[in-house]
Amino acid sequence: NGNTYVADYGSNTIRRITPDGVVTTPYASYPFNGPNSVAIDSAGNLYVADSGNACIEKISPFVGNTPGTVTVLAGSGVQTYQNGTGTAAAFNQPQGVTVDTLGNVYVADTANAVIRKITPGRVVSTFAGTPPTVLNSTPPKVIANGGWQDGTGTAAQFLEPISVVTDSSNNVYVGDLGDDVIRKITPAGVVTTPYGRLQTLGSSDGIGNNALFNGPIGLGIDSANNLYVTDSQLPLNVGQIVISNNLIRRINTNGVVSTIAGQTSIAGTQDGTGSGAQFNTPQSVTVDSMGTVIIADSFSDTIRTAVTTLPAITVTAPQPTATVYGSPSTAGQFTVTRSGSLFPTLTVNTTVGGTAISGLDYTALPGTITLSPGISSASITVNPLFDSAATTNRTVQLSPAASTTYTTGNPGSATVTIDEPTPYQSWQLSTFGANAYTPGISGDLADPNHNGVPNLLEYAFGANPLQAGTAPGPTTSVVNANGNQYLAITYPQVNDANVTYTVQVTSDLTQQTDTWHSGATYTTVVGTSGGQVTVRDNTPLAGATKRFIRVQVSGP
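**Student:** Would you explain the packing of aromatic side chains in this entry?
**Tutor:** Aromatic ring pairs: the centre-centre distance and the angle between the two ring planes describe each pair. One pass over the structure, following the stated rule, counts 10 aromatic pairs. With a centroid separation of 4.6 Å and an interplanar angle of 55 degrees, the aromatic rings of Y30 and F32 are classed as tilted. Grouped by ring-pair contacts, the aromatic residues Y424, W427, F432 and Y459 constitute a single cluster. When the ring centre of Y486 is taken as origin, the NZ or CZ atom of R536, which lies over that ring, is 4.2 Å away.

Structure (structure tokens):
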């Protein structure tokens, strides 16, 4: 679930760190005694190498917010050597623990200089390494048969094996501190030395045995089977001065050993990239499911994180349209998401483009987004503004700016379209302001200046519905054409394609003998000038003929 567990050796407890950095001590009541390492299986059970108690504990998973139960998986509590089942077995300063895909637990039984195996049935055996000599005394005296020897099972030798980790094929890797090498044990128990050179100190990168270590203490592994090593001698106490690499090393699946962080023989607490970072006796290392390398920097008393693969930043628009007209208006939305590690705080700088103008068409967007530990994404709201000069929809485009702390993923940008109001809606906003959404004032049929002309016609004829005493509208006249006189109508026309003006004529207002007629057969456009349109009747005024003319407005 993204939680990190820490064997806090000096505090004799196990700590828990949530993805957002909250540290708790869920098993404070249990009497751990120098817990040195912790491992987890696929079911969420924890395993603790409890060095001072000479045993391996198992902790069941959390149930909701309730911590699991701590029990002794194996070990008698006496520092000695004995194979057996459960508490009938004995360990001597066990310091490393790991678990394979089959549920077998492997223990770096450091003072006995062997690697032990605990089956799911709690049966403890010596998996690799020459067993120690146990003298019949009280308390038992153990003489380790440590050294260096590749071989199978108990024919092999280790010198101070301190950490263990398993890969996806159930091979066990051992940090052999005393021999300054990394050992490998196959599931069949065959021990080899693939990395480092026997008791040859150094910090050289290279392939296989051409690389050098100076006290490989901790081992971790990622989902791609790359190994990570805390390369640092372990002083007996904080005051002791030792020549230490203080490095984090990586071993890829081709056997190439490289240094990913730290400065050789320089102790410090400086954060940074690569050799710009400093460590002070880093002891343990693990890798989470997102690829974050997590380091227990022992003498700094801190837990550090390192990102080996830059997160990719993607931008989407879950709400791709912002609408100006409406009460309230509808905001658009971007989502900025990071892939990979969620542990470090990540600052994402943004670049804004598009045809919309910041501060005029929408409120300004933040130039940076901060993703706190444990947070994978953040939303950015596009709040549209009314721009009376805008006549077409406008766009806002968001993308991450170039950075050395992240890459741009796919999709690398997104667009929010600001849906501008129609010309009529824009007129309502400009004319009525805060009352633009009050039907009794701004509605189509409302008549706020009480002149008998509803708002829709005031708009269509370019009038001000808030100005008292005005009565906009068409005017009629008689025009001469082709030696005849015709009834005509002149009216102002607003520049809005959504408004339709239709001139109609008839000889009978009662519609008993004639209906209203329109179109080129019945009317002729005489002229347009200055936003005014004049249209005449095609039937001449002659004798006692009665003619009527009107303009019908529809839309918007």
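Next comes the rest of the write-up.
**Student:** Can you help me understand the pairing of strand β24 (residues 256–262) in this one?
**Tutor:** Each regular strand shows side chains that alternate between the opposite faces of the sheet. Taken together, the 2 bridges between strand β20 (residues 206–207) and β24 define a ladder with antiparallel strand orientation. Looking across to β24, one finds that G206 is bridged to V257. Across 5 bridges, the pairing between strand β23 (residues 247–251) and β24 is antiparallel. Each bridged residue has a counterpart across the sheet, and for R249 the counterpart in β24 is T259. The antiparallel pairing of β23 with β24 creates a hairpin that spans 4 residues between the two strands, and G255 there sits at a positive phi of about 85 degrees.

**Student:** Would you explain the sheet that holds strand β18 (residues 181–185) in this entry?
**Tutor:** Whenever strands of a sheet pair, they do so through backbone hydrogen bonds, lying parallel or antiparallel. Taken in spatial order, the 5 strands line up as β15-β19-β18-β17-β16 in an open sheet, and their pairing is antiparallel. Among the strands making up the open sheet, the edge pair consists of β15 (151–152) and β16 (161–166). Of the strand pairs in this sheet, β18 and strand β19 (residues 190–195) are connected by 3 bridges, and their pairing is antiparallel. Looking across to β19, one finds that I185 is bridged to V191.

**Student:** When you look at the sheet that holds strand β43 (residues 548–554) in this model, what are you seeing that I'm missing?
**Tutor:** With antiparallel pairing, the 3 strands of this open sheet are ordered in space as β40-β39-β43. Two strands lie at the open edges of the sheet, namely β40 (517–518) and β43, each paired on one side alone. When strand β39 (residues 500–506) meets β40, the two strands line up antiparallel, connected through 2 bridges. Note on β40: the bridge partner recorded for V505 is H517.

Thresholds applied
- Throughout this document, residue positions are counted from 1 along each chain, in the order its sequence is written.
- Residues qualify for local features only when their pLDDT is at least 70, as the model is predicted, and side-chain atom pairs are given and counted only at 80 or more; totals for whole chains, interfaces and linings, by contrast, use all residues.
- As a rule here, side-chain values cover all heavy atoms of the structure and leave hydrogens and water aside.
- Stacked, tilted and edge-to-face are the three classes assigned to paired rings of Phe, Tyr and Trp, where Trp is represented by its six-membered ring and a pair needs centres within 6.5 Å; plane angles under 30 degrees give stacked, over 60 edge-to-face, the rest tilted.
- Placement of a charge over a ring requires the Lys NZ or Arg CZ to be within 6 Å of the ring centre, with the centre-to-atom vector within 35 degrees of the ring normal.
- Here, strands pair whenever DSSP counts at least two bridges between them.
- Strands here are runs of E lasting at least two residues and helices are runs of H or I lasting at least four, both read from the DSSP assignment and numbered beginning at the N terminus.

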